[in-house]
Amino acid sequence: DKCPIPFDKLRKANAVGLVLRFVRSVDLQDGSILADSKPGELSGAALLADALRRNPVLTEILACGQAFGDAGVTMLAASLGQGSRLQRLDLSSNGIGESGAQALSEALQGPGVQLSLLNLSANQLGDSGCVYLAEMLRSNQTVSTLELQRNSVGVKGAHALADA
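Analysis parameters
- Residues numbered from 1 in each chain as written.
- Predicted model: local features only at pLDDT ≥ 70, side-chain atom pairs only at ≥ 80, totals over all residues.
- Heavy atoms only, no water.
- Helix = DSSP H or I, 4+ residues; strand = E, 2+ residues; numbered from the N terminus.
- Buried < 20%, exposed > 50% of the residue type's maximum accessible area, 1.4 Å probe, protein only.
- Core = buried A, V, L, I, M, F, W, Y, C linked by side-chain atoms within 4.5 Å.
- Contact = heavy atoms within 4.5 Å.

A few points about unusual backbone geometry
Working step 1: In this model, A67 sits at a positive phi of 55°, which is unusual for a non-glycine residue.
Working step 2: The residue A67 is located in the loop between β2 (60–62) and α4 (69–80) in this model.
Working step 3: The class for A67 is exposed, based on a relative accessible area of 59%.
Working step 4: A positive phi angle, near 55°, is found at R150, a position not held by glycine.
Working step 5: With respect to the secondary-structure elements, R150 resides in the loop between β5 (145–147) and α7 (155–163).
Working step 6: R150 sits in the exposed class, given a relative accessible area of 64%.

Description of the nonpolar core
Working step 1: Counting residues in each nonpolar core, the largest one holds 37 residues, and the members touching the most others are L48, I61, L89, L91 and L120.
Working step 2: Broken down by secondary-structure element, the contributors of at least two residues to this core are α3 (44–54), α4, α5 (98–107) and α6 (126–139).
Working step 3: Looking at which element gives the most residues to this core, the answer is α3, with 6 residues.
Working step 4: Sequence-distant contacts of L89, defined by excluding residues within four places in its chain, comprise I61, L80, L104, L115, L117, L118 and N119.

What follows is the structure, encoded as C-alpha cells:
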C-alpha cells in the first residue's frame, strides 16, 4: 500500500515515477522532499500529478511542506479531475496562494471527484483563496473536511466559507 523506500533513494535510482503508479498512499511527511528537482527531472508536483492520472488505486497523498507553490498545485489540480480516486490530500505548508486555491476549487467542482479531506493549512490563501474554496463547497458533495488554519483569513473569507 505505502512505499517502504524513502523517496530520496527512489529519486537517486530514477524510480519515483514508476513506484508512484502502484501505491495506494504517498506519505511525504517523513521529511522526503520532492520539491528539489535537478535539471532534466520532473518536479515533485509533476510526479504526483502523473501518478494521479496513471494510478487507479491512489487514494491518499500527504505532501506537507513540499514547497509546490501555486504552479505545482495547479499541476496536481489538473489531474484531480481526470478520473482520480484520491480521497485525502494534504497540501499544508506548500506556499499556496490565491491562484492555487482557484485551480483546486475548479478541479474539485468536476464530476467524479471523490476527495473527502483537503488540508490547506499554513499556506497564503487569504480571503480571495477562501472565496474560491467556498464556491467549490457549494457544488462539491464529497469534501467533508477542509483544514484552513494559519491562512490569514479575514472577515470576507470567513463569511464566504460560512455561507457555503
